[in-house]
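Here is what each chain is made of, one letter per residue.
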Amino acid sequence: MNKLIRFSQILLLLLSLTGCKTEVNKETLLKDSEDPQSDEVIEKSTMEIRVSCGEGDVTKFLNDGWIIVEESSEEKICSWKSFPASKDCNLEKDKGCKITMPDKIGIEKIYLLEK
């Protein structure tokens, strides 16, 4: 029993000593302090534009100096249509008998722009 307590104390001491890291990377600190251009920060702005069903355009952003970094596209429902579920259904009075289905399916393009 005494050996088990002694072993757990040593294990706890070793874990606490190895968990702390005191080494500092002095090489990167010296490189950063010697570089006079490190004070200048170059900011890049990014923007995401979505063009759905042929509505919208990115040319005004491209004319302003934005660059297309990534472009992707996916299908999207452009419009919906509703119709009655049965002949006796009144769409204005009975909202529960209305069936809604996609009418037109188009393409949504997603542009990731950077300036």
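This text goes with the structure placed above it.
Just so it is clear, the model here is predicted, and its values are computed rather than measured. (Residues numbered from 1 in each chain as written. Predicted model: local features only at pLDDT ≥ 70, side-chain atom pairs only at ≥ 80, totals over all residues. Heavy atoms only, no water.)

**Considering the overall build of the protein chain**
Scanning the protein chain from N- to C-terminus turns up three helices and three strands. Walking the protein chain from its N terminus toward its C terminus, one meets helices and strands in the order α-α-β-α-β-β. Put simply, the protein chain has 115 residues, and 11% of those count as buried. As presented, the protein chain carries roughly 10500 Å² of accessible surface, and 53% of it is formed by carbon and sulfur atoms. (Helix = DSSP H or I, 4+ residues; strand = E, 2+ residues; numbered from the N terminus. Buried < 20%, exposed > 50% of the residue type's maximum accessible area, 1.4 Å probe, protein only. Areas by Shrake-Rupley, 256 points an atom, 1.4 Å probe, with all protein chains shown as cover.)

**Regarding the pattern of salt bridges**
Overall, the coordinates contain four salt bridges when judged by the stated rule. Close ionic contact of lysine 44 with glutamate 114 constitutes a salt bridge, the shortest N to O distance being 3.9 Å. A residue pair is termed long-range when its members are at least 10 positions apart, and lysine 44 in the loop between α2 (26-34) and β1 (46-52) and glutamate 114 in strand β3 (residues 98-114) qualify at 70 residues. Assessed through its relative accessible area of 27%, glutamate 114 is described here as partly exposed. The salt bridge involving glutamate 108 is made with arginine 50; its shortest N-O contact spans 3.6 Å. Here glutamate 108, found in strand β3, pairs with arginine 50, found in strand β1; they are 58 residues apart in sequence, far enough to count as distant. By relative accessible area, glutamate 108 is classed as buried at 7%. Each of Glu48, Arg50, Lys76 and Glu108 takes part in salt bridges that share partners, so that together they form one network. (Salt bridge = Lys/Arg side-chain N within 4 Å of Asp/Glu carboxyl O.)

**Here we look at the side chain of glutamate 108**
Of note is the side chain of glutamate 108, whose polar atom sits 3.2 Å from the side chain of serine 52. Apart from the residues lying within four places of it in its own chain, the contact partners of glutamate 108 are Arg50, Val51, Ser52, Ser72, Ser73, Glu74 and Lys76. (Polar contact = N/O pair within 3.5 Å; in protein donor to acceptor, adjacent residues only side chain to side chain. Contact = heavy atoms within 4.5 Å.)

**What about the nonpolar core?**
Ranked by size, the top nonpolar core spans seven residues in total: Ile49, Val51, Val58, Phe61, Trp66, Tyr111 and Leu113. Counting residues per element, the ones that place at least two in this core are β1 and β3. When near neighbours in sequence (up to four residues on either side) are disregarded, tyrosine 111 contacts Met47, Glu48, Ile49, Val51, Val58, Ile68, Glu70 and Glu71. (Core = buried A, V, L, I, M, F, W, Y, C linked by side-chain atoms within 4.5 Å.)

**Comments concerning the pairing of β3**
Inspection of the sheet shows β1 paired to β3 by seven bridges, in the antiparallel sense. By the bridge assignment for β3, isoleucine 49 is matched with tyrosine 111. Bridge count for strand β2 (residues 67-84) against β3 is 16 bridges, and the pairing is antiparallel. Of the residues in β3, the one forming a bridge with serine 79 is lysine 104. (Pairing = 2+ DSSP bridges.)

**Regarding the sheet that holds β2**
As summarised here, the arrangement of the three strands in space is β1-β3-β2, forming an open sheet in which the pairing is antiparallel. Only two strands of the sheet have a single neighbouring strand rather than two, namely β1 and β2. Neighbour-to-neighbour, the strand axes of this sheet turn through a mean angle of 20 degrees, independent of strand direction. (Axes fitted to C-alpha atoms, helices over the stretch in contact; angles between N-to-C directions.)

**So, a nonpolar patch on the surface**
A cluster of nonpolar side chains, contributed by Met1, Leu4 and Ile5, occupies part of the molecular surface with about 370 Å² of accessible area. Structurally, methionine 1 can be placed in the segment before α1 (2-19). (Patch = residues over 30% accessible without salt bridge, like charges linked within 9 Å, V, L, I, M, F, W, Y side chains within 5 Å.)

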